[in-house]
Amino acid sequence: MDSRTTRYLKSCFQKYYKTAEIGLPDHLPNREWAFIFYDDMPEKMMHRHKSFGSPGEALDYLYGMAPAHVYNSTAYYEYPDARKMNEKNWLGAELIFDLDADHLPNAPRNYADMLELVKKETLKLMDFLLDDFGFSEQEIELVFSGGRGYHFHITSPKVLTLGSSERREIVNYVSGKDIDFKYFFREVAMDGDFGTGSKSFKGIKNLPVKCTLVGYDSGWGKRVALYLTDYMKAECGKKYKKDMFPELRKHEKVGDTTIKKLINITNSENGLKDILERGRLDFGVRNFKEIAAYFMQESMENFLNRFGASVDEPVTADIKRLIRVPGSLHGGSGMLVKKLALSELEEFNPLNDAVVFGERPVKITVSKPFSVQLKGKDLRIEEGIQEVPEYAAVYLICRGVAEYGYRRNQPDAV
């Protein structure tokens, strides 16, 4: 990035910070701040161990310095500006989750598709935070990173003093790591037509027990039940008559009622008999537990991909982490690090809602072809000199594929 381009970006960022609404953290005097400046590019040297005693001091600094990247600590310190970490005197830290497309398996290369995929992971994690852990919406801060993902800040007093190992256990839980499905099933003695195992039905002998799915109303048990429900519906739809399992098929969406219908079918005294009368689930197995064990083994990866949340473990486990400040700009994209209400996530479109610069035409020199979707437009930029809206100019410069203004010996783009 040449000096003219650096000056242009700094002027754009400074204009933004003059009136920006910055999400200053609570306990501001106890937070460490860190910055990367455009003057330090491309080395990206971080300037840290900075603290502010008041909101006005912090806001004046942002406007005066116009940094490329702005961070503050997730931890609270007695001496946040101490130069050595062991001298800061750690007091506690928010619980942080970082969901980034870089850490998702088989993430698409297209930016818009990448953002859509990471949004789905974010919605899954939100379900864990609200339902499994029981955090209130007031204890959860959701932030679009300005780049390729989202951050969750959990501010509940219950998590502030957790150590790294406890935070890793939380990551293991939300990702489904080492989950053992045998704990979701319980064998009980079978009564009625099947007796103690001496009876048979349609050629299947020795059915001594029935299997009960437990804990299906919450947590991972509910996710197992949802997966089982879809699995049974799919198998019946593929293999048997249309009137198979009408209790399940009449529900367009899987919900609590559907799950209870499935559990009632499979756990009732005549549940297996009802299944066999409608059309036997012929997998070479004899009871519901074996069916569950079979497809869980065959479909474990799909199950975890569907329900587990892919978060960056080192970020969550780090009790002294620096993280982007809501309301600041991301120096690698020029987009807003935007705080969101949880209810806004599904409809949030970063490529429109996190773009802060306007339509003023700006001339740039593009070093290589590039395409991106911004503000509802498919922008296909060719190599050479051309004029684009300011929001596109800032984005392309921040991505390193363009310089501000025109350069000699550069042809105009066609």
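Structure first, text after, so check above.
Residues numbered from 1 in each chain as written. Predicted model: local features only at pLDDT ≥ 70, side-chain atom pairs only at ≥ 80, totals over all residues. Heavy atoms only, no water.

J.: Got a sec to walk through the overall build of the chain? Specific residues and values, please.
T.: Looking only at helices and strands, one finds twelve helices and 19 strands in the chain. A buried classification covers 49% of the 414 residues belonging to the chain. Of the contacts made within the chain by residues no fewer than 6 positions apart, 69% connect residues no fewer than 24 positions apart. (Helix = DSSP H or I, 4+ residues; strand = E, 2+ residues; numbered from the N terminus. Buried < 20%, exposed > 50% of the residue type's maximum accessible area, 1.4 Å probe, protein only. Contact = heavy atoms within 4.5 Å.)

J.: Outline the sheet that holds strand E3 (residues 69-73), listing residues and values.
T.: With respect to topology, four strands assemble into an open sheet ordered E2-E1-E3-E13, the strand pairing being antiparallel. With partners counted over all chains shown, the strands left at the sheet margins are strand E2 (46-50) and strand E13 (322-324), one partner each. On average, adjacent strands in this sheet sit at an angle of 30° to one another, irrespective of strand direction. (Pairing = 2+ DSSP bridges. Axes fitted to C-alpha atoms, helices over the stretch in contact; angles between N-to-C directions.)

J.: Before we move on, could you go through the pattern of salt bridges and cite the residues and values that matter?
T.: Opposite charge on two side chains makes pairing possible when the charged atoms of those side chains draw close. Counted by the stated rule, this structure contains 15 salt bridges. Salt-bridge contacts for Glu 141 lead to Lys 339; the nearest nitrogen and oxygen are separated by 3.3 Å. One end of the pair, Glu 141, is in strand E7 (residues 140-144); the other, Lys 339, is in strand E14 (residues 338-340), with 198 residues separating them in the sequence. Salt bridges linked by common partners bring Asp 26, Arg 31 and Glu 94 together as one network. (Salt bridge = Lys/Arg side-chain N within 4 Å of Asp/Glu carboxyl O.)

J.: So, the environment of Ala 58: which residues are in play, and what are the values?
T.: The residue Ala 58 is located in helix H2 (residues 55-65) in this model. Taking C-alpha positions, Ala 58 is 9.4 Å from Trp 33, a pair spaced 25 residues apart along the chain. Those residues in contact with Ala 58, other than ones at most four positions away along the chain, are Leu 24 and Phe 52.

J.: If you had to explain H2 to someone new, which residues and values would you point to?
T.: Looking at H2, one finds that the buried residues are Ala 58, Tyr 61 and Leu 62. Take H2 and look down its axis: the buried residues cluster within an arc of 95°, on one side only. On its buried face, H2 sits against helix H1 (3-19), strand E1 (33-36), E2 and E3. Immediately beyond the C-terminal end of H2, within one or two residues, lies Ala 66, with a positive phi of roughly 45°. (Arc of directions from axis to C-beta.)

J.: Hey, could you go over the nonpolar core for me, with residue numbers and the actual values?
T.: Buried together is how nonpolar side chains tend to be arranged in soluble globular proteins. Residues Phe 13, Tyr 17, Phe 97, Leu 125, Phe 152 and Ile 364 are the most contacted members of the largest nonpolar core, which totals 95 residues. For this core, the leading source of residues is helix H3 (residues 111-132), giving nine residues. Every residue in contact with Ile 364, bar those within four places of it in the chain, is listed here: Gly 384, Ile 385, Gln 386, Val 388, Ala 393, Leu 396, Ile 397, Ala 402, Glu 403 and Gly 405. (Core = buried A, V, L, I, M, F, W, Y, C linked by side-chain atoms within 4.5 Å.)

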